[in-house]
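# Coordinate analysis (summary)
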Amino acid sequence: MHEMRYEAPKTLAAAVSLLAGASGQARVLAGGTDLLIQMRGGRVDPELLVDIKGIPEMTSIVADNGVFRFGAAVPCMELVEHEAFAKAWPGVIDGANLIGSIQVRGRATAGGNLCNASPAADTVPALIAAGATVSVVGSNGRREVPVEDIATGPGKTSLVRGEIVASFLLPRRPPRSGDAYLRFIPRTEMDIAVVGAGINLTLDEAGVCSQARVCIGAVAERALLVREAAAALIGTKVDAEALQRMAAAVSAACRPIDDKRGTKEYRIKVAGVMARRAAQIALDRARRKN
Ligand SMILES: Cc1cc2nc3c(=O)[nH]c(=O)nc-3n(C[C@H](O)[C@H](O)[C@H](O)COP(=O)(O)OP(=O)(O)OC[C@H]3O[C@@H](n4cnc5c(N)ncnc54)[C@H](O)[C@@H]3O)c2cc1C
């Protein structure tokens, strides 16, 4: 056993320098809903915890001319309750609203969900479908990274030692855009996704899909952005045939594991079904936004 140091810096620069100066294992602490469980289970044993919840840049939601930036330490519940954000990105809210219970959502953050790098993380597919980027800060400065480039495998990220995800940036949405996230779980709540599907699409004035992004979770070692699935929607009116082709492209991209929640074959089939249903919801939302 060793002593653990807990620090709660007030600035991002102070957090970065604490992490850079750590000699042993150091961890960022956001909501702690993954990390504290891992520490109690003995899976991680950090010498330094850097709590980021007191850093203003990391705990605010800012809208600027249709562009949203929210801090990586914003609890999911605050996103859900932010009216303008929820109106702009209902699919991201679908994901944030599925994390645990109200109590868990009061602590859990999208930053922690992303950096914990579970392939089944519920906020991640919708953020990838949204085209979100993260601002990553470390002792070598700041870099902007697409969300899909952060997780590399279960529990693994592309962040280098001491780097912090500071905030998420969501681009301004064209008119007639809609997004949605759906997951399948064997129970009704408090379970891990067997499959998750996030879809974001935009229609032109004639109702033809002009842009789309399709991302699936829990069917590979990380969430997958499936460009072939998006291509099946673009240029169509998102009719039954296009949805069928999109679902087939989703199933073809899956490389899932077998576990107690579902077999490979089951996950591959359900992924197509969930993507089709999520696309239908995204389409309905886009049609309502003129
Ligand atoms: C009862 C319960 C139910 C749950 N249900 C779900 C669910 O339905 N769906 C789901 O996806 N998850 C679920 N989770 C898991 C967890 O709540 C989420 O993954 C949550 O989003 C993690 O966020 P956090 O802020 O608590 O992360 P923390 O536990 O604070 O951190 C998680 C990891 O990310 C690192 N980290 C955190 N923030 C940053 C940052 N800004 N920069 C760099 N590294 C960072 C930490 O060092 C740690 O390794 C559940 C957990 C519990 C306890």
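### Observations concerning the sheet that holds strand β7 (residues 141-146)
Taken in spatial order, the 5 strands line up as β4-β5-β10-β6-β7 in an open sheet, and their pairing is antiparallel. A single partner strand is all that each edge strand has here, and the edge strands are β4 (61-64) and β7. The average angle at which neighbouring strand axes cross in this sheet is 20 degrees, direction not considered. Summarising the sheet, β4 and strand β5 (residues 67-71) pair through 4 bridges and their orientation is antiparallel. Each residue of the ladder has a partner; that of isoleucine 61, found in β5, is phenylalanine 70.

### What to know about the site of the ligand
Near the ligand you find 29 residues, and of these Ala30, Gly31, Gly100, Gly112 and Asn113 are the closest. Breaking the shell around the ligand down by element, the ones donating at least two residues are β2 (26-29), α2 (35-40), α8 (110-116) and β10 (164-170). Looking at the shell around the ligand element by element, the count peaks at 5 residues for α8. Across the shell around the ligand, the residue classes tally to 16 nonpolar, 9 polar and 4 charged. Residue contributions to the shell around the ligand reach at least three from each of two domains, namely domain 1 (5-51) and domain 2 (56-170).

### Re the environment of glutamate 81
Mapped onto the fold, glutamate 81 is located in helix α4 (residues 76-81). For the pair glutamate 81 and alanine 8, spaced 73 residues apart in sequence, the C-alpha separation works out to 26 Å.

### Digging into the domain arrangement of the chain
Interface size is commonly expressed as the accessible surface area that is lost when the partners come together. For the chain, the domain assignment lists domain 1 (5-51), domain 2 (56-170) and domain 3 (177-288). Placing the centre of domain 1 and that of domain 3 at their C-alpha centroids yields a distance of 35 Å.

### Thoughts on the pairing of strand β12 (residues 195-203)
Taking burial as the measure, the 9 residues of β12 include 9 buried ones, the bulk of the element. In β12, alternate side chains face the same way, and those of Val195, Ala197, Ile199, Leu201 and Leu203 on one face and Gly196, Gly198, Asn200 and Thr202 on the other are all buried. Bridge count for strand β11 (residues 177-184) against β12 is 8 bridges, and the pairing is antiparallel. Note that in β12 the partner of aspartate 179 across the bridge is asparagine 200. One ladder, built from 8 bridges, connects β12 with strand β13 (residues 209-217); its direction is antiparallel. Each bridged residue has a counterpart across the sheet, and for leucine 201 the counterpart in β13 is alanine 212. The turn linking β12 back onto β13 is made up of 5 residues, and glycine 207 within it adopts a positive phi angle of 85 degrees.

### So, the nonpolar core
Counting 96 residues, the largest nonpolar core has Val195, Val214, Ile216, Val226, Met246, Val250 and Ala275 as its most contacted members. The greatest single-element share of this core, amounting to 9 residues, is contributed by helix α12 (residues 264-288). Contact partners of valine 195, with chain neighbours within four places excluded, come to Arg183, Phe184, Ile216, Ala218, Val219, Arg267, Val270, Ala271 and Met274.

### Some thoughts on the sheet that holds strand β3 (residues 48-51)
As summarised here, the arrangement of the 3 strands in space is β1-β3-β2, forming an open sheet in which the pairing is parallel. A strand with exactly one partner marks an edge of an open sheet, and here the two such strands are β1 (5-7) and β2. Pairwise comparison of adjacent strand axes, ignoring direction, gives a mean angle of 20 degrees for this sheet. Contacts between helix α1 (residues 12-21) and the sheet are confined to β1, β2 and β3, with β3 contributing the most and set at about 170 degrees to the helix.

### Quick notes on helix α11 (residues 240-253)
Spanning 14 residues, α11 covers 20 Å between terminal C-alpha atoms, matching the ideal 20 Å at 1.5 Å per step. Taken as a whole, α11 has its buried residues at Leu243, Met246, Ala247, Ala249, Val250, Ser251 and Ala253. Residues of α11 that are buried make contact with β13, β14 (224-225), α10 (227-233) and α12.

Analysis parameters
Residues numbered from 1 in each chain as written. Predicted model: local features only at pLDDT ≥ 70, side-chain atom pairs only at ≥ 80, totals over all residues. Pairing = 2+ DSSP bridges. Helix = DSSP H or I, 4+ residues; strand = E, 2+ residues; numbered from the N terminus. Axes fitted to C-alpha atoms, helices over the stretch in contact; angles between N-to-C directions. Near = placed C-beta within 6 Å. Nonpolar A, V, L, I, M, F, W, Y, C, P; charged D, E, K, R; others polar. Domains from an automatic or database assignment. Buried ≥ 20, exposed ≤ 12 C-beta atoms within 10 Å, placed from the backbone. Core = buried A, V, L, I, M, F, W, Y, C linked by C-beta atoms within 7 Å. Contact = placed C-beta atoms within 7 Å. Expected span 1.5 Å × (residues − 1).

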